[in-house]
Structure formats: structure tokens, C-alpha cells
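Structural overview for review
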Amino acid sequence: KSSASGDSSSGLLFHLVYKGAAAYLVFLFASAAYDIRMAAIDEYGPVIHEFDPYFNLRATDYLYWNGWKRFSQWFDYMSWYPLGRPVGTTIYPGMQVTAVWIKNHVLLDWSINDVC
């Protein structure tokens, strides 16, 4: 009977060590991902550096000021020049919708640029 008890406790110990190692690795990877994502902000400050983020900022700003209905029907003449772009049918609006929700419900006094 004592050997069964020893097997049970060693199995529990293994399980706890395994879960702890998995939690530590998740934390390590999440920390590294956050540090990588924030490297540009640490280096240059909160400035948008590439062209695609400018479009995403403009799209988020348009959604914030005009609402979902106008956003989903928006034809942007400033992108894909000279043809323009039907934004509502050519993007995945998850980032824009999330940023506007955060701006409206969590960080009320932040600008759209800071939220994005």
C-alpha cells in the first residue's frame, strides 16, 4: 500500500512540475512577444512608422467619427491611388472595431492614435 501512495504523490508532483513549467513558458513567450512589439515604441516613441499603419489609423478614425454603417460602405479615394479602395469589403476590420471599442469604453481620454 505504501508503494501505491508513493506512486500517487510522485504522479501529482510530476503533474504540478509539468503545469508549472508550461505556465512559465507561456509567461516567457508572452513577455518576449510584448517586448518585441514594444521595441519600436521604446526606441522611437509612439509614432507610426510605416504606411499600412497610417491606413489602419485613418480607417479607425473614420469608423470612430462616422459609425459602422458608413464605414462598411466607405470608398477611400486616398488609398490605392488612382483607383481608390472599397474599404468596407476589402479589409478585416477587427483592429479598427477593437480600437474604437477600447476608445469608447476603456481609455476615454486617449486619442485614436494612442489606442492604435
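Residues numbered from 1 in each chain as written. Predicted model: local features only at pLDDT ≥ 70, side-chain atom pairs only at ≥ 80, totals over all residues. Heavy atoms only, no water.

1. Quick notes on the overall build of the protein
Within the protein one finds five helices and two strands. Listed by position from the N terminus, the elements making up the protein come as α-α-β-β-α-α-α. Taken over 116 residues, the protein has a buried fraction of 18%. Entry remark: accessible area of the protein is about 9,200 Å², with carbon and sulfur atoms responsible for 65%. (Helix = DSSP H or I, 4+ residues; strand = E, 2+ residues; numbered from the N terminus. Buried < 20%, exposed > 50% of the residue type's maximum accessible area, 1.4 Å probe, protein only. Areas by Shrake-Rupley, 256 points an atom, 1.4 Å probe, with all protein chains shown as cover.)

2. Looking at the nonpolar core
Ranked by size, the top nonpolar core spans nine residues in total: F55, A59, Y62, L63, F71, W74, V87, I91 and V100. Here A59 is in contact with F71, W74 and Q96, once residues within four sequence places are set aside. (Core = buried A, V, L, I, M, F, W, Y, C linked by side-chain atoms within 4.5 Å. Contact = heavy atoms within 4.5 Å.)

3. Some remarks on the pattern of salt bridges
Under the criterion given, the structure shown has one salt bridge. With a shortest N-O distance of 2.3 Å, D76 and R58 are connected by a salt bridge. Taken together, the residues span a long stretch of sequence, with D76 in strand 1 (residues 75–76) and R58 in helix 2 (residues 51–72) at a distance of 18 residues. (Salt bridge = Lys/Arg side-chain N within 4 Å of Asp/Glu carboxyl O.)

4. A closer look at the packing of aromatic side chains
A complete count under the given rule lists six aromatic pairs for this structure. Each ring, one from F14 and one from Y18, has its centre 6.3 Å from the other, and the planes form 20°; the classification is stacked. Taken as a pair, F14 and Y18 lie in helix 1 (residues 2–44) at a separation of four residues, close to a single helical turn. In this pair, the class of F14 matches that of Y18, namely exposed. With 4.1 Å between their ring centres and 5° between their planes, Y62 and W74 make a pair best called stacked. One end of the pair, Y62, is in helix 2; the other, W74, is in the loop between helix 2 and strand 1, and twelve residues separate them in sequence. (Phe/Tyr/Trp six-rings, centres within 6.5 Å; stacked < 30°, edge-to-face > 60°.)

5. Regarding a nonpolar patch on the surface
Taken together, the side chains of Y24, L25, F27, L28 and F29 define a hydrophobic patch exposed on the protein surface, amounting to about 570 Å² of accessible area. Position of Y24 relative to the elements: it lies in helix 1. According to the relative accessible area criterion, Y24 is exposed, its value standing at 51%. (Patch = residues over 30% accessible without salt bridge, like charges linked within 9 Å, V, L, I, M, F, W, Y side chains within 5 Å.)

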